[in-house]
Amino acid sequence: MAIWIIFTLIAELIWSFTSLFDKIILSKGHIKNPYVFVVFNGLMNVLLIFLLPFYDFEPLSIINLLVALIAGFFLTLGVAFYYKAVQKEEISRVLMLWQFIPIFVLIMSFFFISELLTKKYFIGFLFLIAAGVVVSYKKINGKFKLSKAFYLMLGSTFLISVYYIMSKHIYGITGFWSAFMWLRVAAFSGVLFLIVPSVRKQFIITIKNMKNSVKGLICVKMIIDFSAFIFLGYAILNGP
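Let me begin by describing the structure that accompanies this report. From a predicted model like this one, the values you see are computed outputs, not experimental measurements.

## A closer look at the overall build of the protein
- Along the backbone of the protein there are 10 helices and two strands.
- The secondary structure elements of the protein, listed N-terminal to C-terminal, are α-α-α-α-α-α-β-β-α-α-α-α.
- As displayed, the protein offers around 12700 Å² of accessible surface, 72% of which is attributable to carbon and sulfur atoms.

## Let's talk about the packing of helix 7 (residues 148-173) against helix 8 (residues 176-187)
- Where helix 7 contacts helix 8, the axes come no closer than 9 Å and their chain directions differ by 140°. Between helix 7 and helix 8 lies a crossing whose hand is right-handed. Every residue of helix 8 that contacts helix 7 at Tyr163, Ser167, Ile170 and Tyr171 is listed here: Phe176, Ala179, Phe180, Leu183 and Arg184.
- Tallied by class, the residues present in the contact of helix 7 with helix 8 amount to seven nonpolar, one polar and one charged.

## A word on the layout of surface pockets
- A volume near 1300 Å³ is recorded for the largest pocket.
- Lining the largest pocket are 44 residues, and of these Thr8, Glu12, Ile101, Tyr164 and Leu232 sit closest to its centre.
- The element best represented in the lining of the largest pocket is helix 1 (residues 3-27), accounting for eight residues.
- In the lining of the largest pocket, the residues fall into 26 nonpolar, 11 polar and seven charged.
- Of the volumes computed, that of the second largest pocket is approximately 210 Å³.
- Phe40, Leu43, Met44, Val46, Leu47, Ile207, Met210, Lys215, Ile218, Cys219, Met222 and Ile223 are the residues that line the second largest pocket.
- Residue assignment for the lining of the second largest pocket shows that the elements contributing at least two residues are helix 2 (34-43) and helix 10 (212-238).

## What about helix 2?
- Most of helix 2 is tucked away: eight of the 10 residues are buried.
- Check the buried side of helix 2 and you find it contacts helix 1, helix 3 (62-88), helix 8, helix 9 (197-209) and helix 10.
- The N-cap of helix 2, judged by a side-chain oxygen 2.9 Å from the amide nitrogen of Tyr35 a few residues on, is Asn33.

## Remarks on the side chain of Arg184
- Turning to its location among the elements, Arg184 is positioned in helix 8.
- One buried charged side chain, Arg184, makes no salt bridge at all; its nearest oppositely charged neighbour is Asp225, positioned 8.4 Å away.
- Once residues lying within four places of it in the same chain are set aside, the contact partners of Arg184 are Met44, Asn45, Leu48, Leu75, Tyr163, Phe226 and Phe229.

## A few points about the environment of Ala187
- Note on placement: Ala187 falls in helix 8.
- The exposure class assigned to Ala187 is buried, which follows from its relative accessible area of 8%.
- Linking Ala187 and Phe74, residues 113 residues apart in sequence, is a C-alpha distance of 8.6 Å.
- Non-local contacts of Ala187, meaning those with residues more than four positions away in its chain, are made with Gly42, Asn45, Gly72, Leu75 and Thr76.

## Regarding the nonpolar core
- By size, the foremost hydrophobic cluster in this structure holds 69 residues, and its most contacted members are Ile31, Phe37, Phe40, Tyr164, Phe180, Ile218 and Phe229.
- Examining the composition of this core, we find that 12 residues originate from one element, helix 7, more than from any other.
- Excluding its chain neighbours within four sequence positions, the residues that come into contact with Phe229 are Trp15, Met44, Leu75, Tyr163, Phe180 and Arg184.

## Considering helix 9
- Taking 1.5 Å as the rise per residue, helix 9 with 13 residues should run 18 Å; its terminal C-alpha atoms sit 18 Å apart, in good agreement.
- Every buried residue belonging to helix 9 is among Val199, Phe203 and Thr206, and all of these are buried. Burial along helix 9 is one-sided: seen end-on, the buried residues are contained in an arc of 65°. Facing away from the buried side of helix 9 by more than 90 degrees, the exposed set consists of Pro197, Lys201, Lys208 and Asn209.
- Elements that come into contact with the buried residues of helix 9 comprise helix 2.

## So, the pattern of salt bridges
- Under the counting rule described, the total for this entry stands at two salt bridges.
- Between Lys221 and Asp22 there is a salt bridge, with the nearest N and O atoms lying 2.9 Å from each other. Of the two residues, Lys221 sits in helix 10 while Asp22 sits in helix 1, which places them 199 residues apart along the sequence. Each member of the pair Lys221 and Asp22 is classed as buried.
- A salt bridge links Lys221 to Asp225; the shortest N-O distance between them is 2.7 Å. Here Lys221 pairs with Asp225, and both are found in helix 10, just four residues apart, close to one helical turn.
- Residues joined by salt bridges that share partners form a network here, namely Asp22, Lys221 and Asp225.

Here is what the cut-offs are and how they apply
- Residues numbered from 1 in each chain as written.
- Predicted model: local features only at pLDDT ≥ 70, side-chain atom pairs only at ≥ 80, totals over all residues.
- Heavy atoms only, no water.
- Helix = DSSP H or I, 4+ residues; strand = E, 2+ residues; numbered from the N terminus.
- Areas by Shrake-Rupley, 256 points an atom, 1.4 Å probe, with all protein chains shown as cover.
- Axes fitted to C-alpha atoms, helices over the stretch in contact; angles between N-to-C directions.
- Left-handed = near helix turned anticlockwise from the far one by under 90°.
- Contact = heavy atoms within 4.5 Å.
- Nonpolar A, V, L, I, M, F, W, Y, C, P; charged D, E, K, R; others polar.
- 1 Å grid on protein atoms, 1.4 Å probe; cavity = no way out; pocket = protein on both sides within 12 Å on 5 of 7 lines; lining within 4 Å.
- Points joined across faces, edges and corners; volume = space filled by probe spheres on them.
- Buried < 20%, exposed > 50% of the residue type's maximum accessible area, 1.4 Å probe, protein only.
- Polar contact = N/O pair within 3.5 Å; in protein donor to acceptor, adjacent residues only side chain to side chain.
- Lys, Arg positive; Asp, Glu negative; His and termini not counted.
- Salt bridge = Lys/Arg side-chain N within 4 Å of Asp/Glu carboxyl O.
- Core = buried A, V, L, I, M, F, W, Y, C linked by side-chain atoms within 4.5 Å.
- Expected span 1.5 Å × (residues − 1).
- Arc of directions from axis to C-beta.

Structure below.
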């Protein structure tokens, strides 16, 4: 088995675990505003300071720096949509909808980085689309309708797919740790939600009222998430 597949599976296994934390934190009201949770995600990237003494942080050209920053911003928005979907739907249904990411990635990789799409990819498309749509139908007032989480995850997976394509470019032009750190710096953009007065107010209230045990849970969740991005980075660097 190719090493990038193993790294991908490890990253996905980690996120399937931390997604349970996401559901607990949001559904139990420990964090009521999804954008506040996004701020916590942005703050997670302060963990970079532990890597800086050990790895070179190579500069990027203006254009490539812009690509990295846009990638981080798209990831931040994608995560925000995901958190809103988690609030509205069962976590098992939401996680199934991550299957739209490979669909978007394969389409965009064909147009932007010239990766070829074979017949088996298109067959895979059909299964992934069918699974995502079927799991999103719910019986509402006697009729089957697509849940609101479906549309939120459609936006989330599209934005995160753009992040993956841009990440592939960044990993291809500089060293692994340099690319990883630039993309993590770009993901710090989640903190920008504090510019919105209502989010800033809710963030302060959340910090003041949150129990220490919940703060500890969030810290552990963020550290585990951070490690998953390292495995994902190796997968993006070494795989198609």
